[in-house]
Amino acid sequence: MAVPNRYFDLIDQTFYFPQEGFDIEDGYLVFNGVPLIYLIRKYGTPLKLTYLPKIGTQVKKARNLFTRAMKSVGYRGKYYYCYCTKSSHFSYVLNEVLKHDVHIETSSAFDIDLIRRLYKKGRLPKDTIIVCNGFKTEGYLERITTLINDGFENVIPICDNMGEIEYYEQHVRGKCKIGIRVATEEEPNFEFYTSRLGIRNADVARFFHEKIKDNPKFELKMLHFFVDTGIKDTLYYWGELKKAVKLYGEIKQHSKSLNAINIGGGMPIRNSLGFEFDYKYMVKEIVNLILQSCEEDEVPEPDIFTEFGKYTVGESGAAIFSVLGQKLQNDSEMWYMIDNSLMTTLPDTWGIAERFILLPINKWHNDYRRVNIGGLSCDNSDYYNSEVHESQVYLPSYDASDPEPLYLGFFHTGAYQDSISGYGGIKHCLIPSPKHVIIYKNSQGNIVDKLYQPEQTAEEMLKILGY
Ligand SMILES: Cc1ncc(COP(=O)(O)O)c(C=O)c1O
């Protein structure tokens, strides 16, 4: 009997397939029920898409996980979902997020202008909790302060360093809610020992006693900590969380107003069809750890805030390319050259070796072969040739005479790629930003697509370049 060598069989035997969000219909890949070949035929490639309904699903999922975990262990604090704007600032993302009653985390000065714009458009109520993180420039401090003075009653500036508080002391009229970010220790294999973000753990209590405790202006609300390598079931993660919660207990004993712990972002998303992460277990363990630590310290358990960025928006995004041609550069190295750049359109693949779910849109019944995917820029780093589950990429082989090109999709690319690549700006080798389509539910509840931005033009780039 012939050994099946078809791409479909490879996927079927390696993973469980079809699976949530991915299926095959009439030989073509379907993403969240959307036939991608329809979008390709309508808009062409390269194409980025955002499937907006996924955002609400993610918010609801996380909210359910936390509230159920809290209920199951008798936790008396509340859960607050904040969206961290930096993972995608686009208006359609924020509009969607805000439909789900979430709060906001900001990281720089212009974020505050964004908040004001949303307020003006009636999308964000004045009592939204706005957690202001990051190292504060003069412009950021000024905007935060003006926001508070204009009556946004739940702005919580999070002190990233000790000097920052002086500005609020001088410029905020009336009372000022405040938070403190505790610097975590970095993972043992990282270049630095302590994160540059936040106030070092050993200084936090002193800072609180000297600057906040007896100052009637300030109301300490939140202790913030974020392990930026993400929420993982490792000794390192649990150790850092434990330290932060211990510190919470210590300060809580002297602060009536302190009632929240913010564990930041870092909830992982599916970056492979073989992805396994026990969300329910992790959330329950987090809630349990906080509860137990507070019981030991005899303080009431805090409200828990999260600032999930990638988790909120990552799985809503995809980037679709055509393979323009294949190049066999030696006996074993086959290149599939795509019609855009990986380096500029999916910069995390290059900058931090991030992996995404990679699947062909068509030709699932062709044989498969090992390939390298090459981008259009001249850079030798503009390639993609390994996946999370193995250090190679397999894709369908195809005949150059086949009239339909091979189409490839990178999935769950909705977070960070646009802000890091500088959407619509100058690009390496002047490779343009792809066109961008959003898919959403209209007022009749039907799923519809709309071109958000056409592909970047030469005129747009040349204008920036001064021609
Ligand atoms: C303070 C803070 N909160 C939240 C996030 C969001 O992280 P993620 O997108 O991994 O959820 C970040 C990301 O860098 C962050 O620095």
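Computed from a predicted model, the values in this text were never measured in an experiment.

## A short note on the overall build of the protein
What the protein contains, in helices and strands, is 15 helices and 22 strands. For a compact globule of 467 residues, the expected C-alpha radius of gyration is about 23 Å, and the protein comes in at 24 Å, within 12% of that figure. A principal-axis box enclosing the C-alpha atoms of the protein has dimensions of 80 × 60 × 50 Å. Within the span of the protein, comprising 467 residues, buried residues form 55% of the whole.

## A short note on empty space enclosed by the protein
Under the criterion given, the structure shown has 3 cavities of 30 Å³ or more. Estimates place the volume of the largest cavity at around 120 Å³. As for the largest cavity, its lining consists of 19 residues, and the residues nearest its centre are Lys48, Thr50, Thr413, Gly414 and Asp418. Within the residue set of the lining of the largest cavity, elements represented by two or more residues are strand S4 (47-51), helix H4 (91-98), strand S14 (317-328) and helix H14 (417-421). Tallied by class, the residues present in the lining of the largest cavity amount to 8 nonpolar, 9 polar and 2 charged.

## With respect to the layout of surface pockets
Of the voids in this model, the largest pocket is the one considered here, and its volume is about 1,500 Å³. What lines the largest pocket is a set of 49 residues, and nearest its centre among them are Phe226, Asp228, Thr229, Ile352 and Tyr416. For the lining of the largest pocket, the per-class residue count stands at 16 nonpolar, 19 polar and 14 charged. No fewer than three residues from each of domain 1 (7-44 + 315-464) and domain 2 (53-308) sit in the lining of the largest pocket. Quantified by volume, the second largest pocket comes out at close to 380 Å³. Lining the second largest pocket are 17 residues, and of these Leu52, Glu96, Lys99, Tyr440 and Lys441 sit closest to its centre.

## Digging into the pairing of strand S13 (residues 303-308)
Burial analysis of S13 places 6 of its 6 residues in the buried class, which makes it a mostly covered element. Side chains Asp303, Phe305 and Glu307 of S13 all project onto a buried face; the interleaved residues Ile304, Thr306 and Phe308 project onto the opposite face, where all are buried too. Judged from the 5 bridges that link them, strand S5 (residues 79-84) and S13 form a sheet pairing that is parallel. Bridge pairing in S13 links Cys82 to Glu307. The pairing of strand S12 (residues 260-262) with S13 spans 3 bridges and is classified as parallel. Note on S13: the bridge partner recorded for Ala260 is Asp303.

## A closer look at the pattern of salt bridges
Applying the stated rule across the entire model yields 23 salt bridges. Linking Lys435 and Glu455 is a salt bridge whose minimum nitrogen-to-oxygen distance equals 3.7 Å. Highlighted residues: Lys435 in strand S21 (residues 435-441) and Glu455 in the loop between strand S22 (447-453) and helix H15 (458-464), separated in sequence by 20 residues. Residue classification places Lys435 among the buried residues on the basis of a relative accessible area of 11%. Taken together, the salt bridges that share partners define one network made up of Glu20, Lys54, Lys61 and Glu315.

## A look at the site of the ligand
Close to the ligand lie 14 residues, the nearest being Gly266, Glu307, Gly309, Lys310 and Tyr416. Side-chain polar atom of Glu307 to a nitrogen atom of the ligand: 2.6 Å apart, as the coordinates give it. Contact between the ligand and Gly309: an oxygen atom at 2.9 Å from a main-chain N or O atom of the residue. Bound to the protein, the ligand loses 85% of the 390 Å² it would expose on its own.

## Description of the environment of Leu141
Structurally, Leu141 can be placed in helix H6 (residues 138-149). Of the residues examined, Leu141 reaches a relative accessible area of 9% and is grouped as buried. It is 9.3 Å that separates the C-alpha atoms of Leu141 and Ser108, two residues lying 33 residues apart in sequence. Those residues in contact with Leu141, other than ones at most four positions away along the chain, are Lys136, Glu164, Tyr167 and Tyr168.

## Section: the domain arrangement of the protein
When its domains are assigned, the protein resolves into domain 1 (7-44 + 315-464) and domain 2 (53-308). Between the C-alpha centres of domain 1 and domain 2 there is a distance of 34 Å. Contacts between domain 1 and domain 2 engage 30 residues on the former and 18 residues on the latter. The junction of domain 1 with domain 2 conceals about 2,000 Å² of combined surface from both sides, 59% of it contributed by carbon and sulfur atoms. Our enumeration of links across domain 1 and domain 2 arrives at 3 salt bridges. Connecting domain 1 to domain 2 are 8 residue pairs in polar contact (both at pLDDT 80 or more).

## Examining H4
For H4, a buried count of 6 out of 8 residues is recorded, marking the element as mostly surrounded by other parts of the structure. Those residues of H4 that fall on the buried side of the exposure criterion are Tyr92, Val93, Leu94, Glu96, Val97 and Leu98.

About the thresholds
- Per chain, the residues get numbers from 1 upward, laid out in the order the sequence is written.
- Only residues with pLDDT of at least 70 are given local features in this predicted model, and only at 80 or more are side-chain atom pairs given and counted; all residues enter the totals for whole chains, interfaces and linings.
- Only hydrogens and water are set aside; all other atoms, that is, all heavy atoms of the structure, feed into the side-chain values.
- The secondary structure listing takes helices from DSSP runs of H or I that are at least 4 residues long and strands from runs of E that are at least 2 residues long, numbered from the N terminus.
- With C-alpha atoms as the basis for the radius of gyration, the globule rule is written as 2.2 Å multiplied by the number of residues raised to the power 0.38.
- Partly exposed describes any residue whose relative accessible area lies between the buried limit of under 20% and the exposed limit of over 50%, with all areas from a 1.4 Å probe on protein chains only and scaled to the type maximum.
- Points on a 1 Å grid, built from protein atoms alone, make a cavity when a 1.4 Å probe fits but cannot get out and make a pocket when they are open with protein on both sides within 12 Å along at least 5 of 7 lines; residues with an atom within 4 Å of a point are the lining residues.
- Grid points are joined across faces, edges and corners, and a volume is the space filled by probe spheres set on the points.
- Three classes are used: nonpolar for Ala, Val, Leu, Ile, Met, Phe, Trp, Tyr, Cys and Pro, charged for Asp, Glu, Lys and Arg, and polar for all others, with Gly counted as polar.
- The split into domains, and so the bounds of each, comes from an automatic or database assignment of domains.
- Any two strands with at least two DSSP-identified bridges between them are counted as paired.
- Between Lys or Arg on one side and Asp or Glu on the other, a salt bridge is scored when a side-chain nitrogen of the former is within 4 Å of a carboxyl oxygen of the latter.
- We call a residue near a molecule or strand when any one of its heavy atoms sits within 4 Å of it.
- Any pair of N or O atoms that falls within 3.5 Å is considered a polar contact. Within protein, one atom must be able to donate a hydrogen and the other to accept it, and sequence-neighbouring residues count only if both atoms are side-chain atoms.
- Where accessible areas are quoted, they stem from the Shrake-Rupley method and a 1.4 Å probe; at the residue level, only the protein chains shown are allowed to cover.
- Whether two residues are in contact is decided by their heavy atoms, any of which lying within 4.5 Å being enough.
- Note on terms: buried area is the combined drop in 1.4 Å-probe accessible area of two parts once they are placed together, counting the loss on both.

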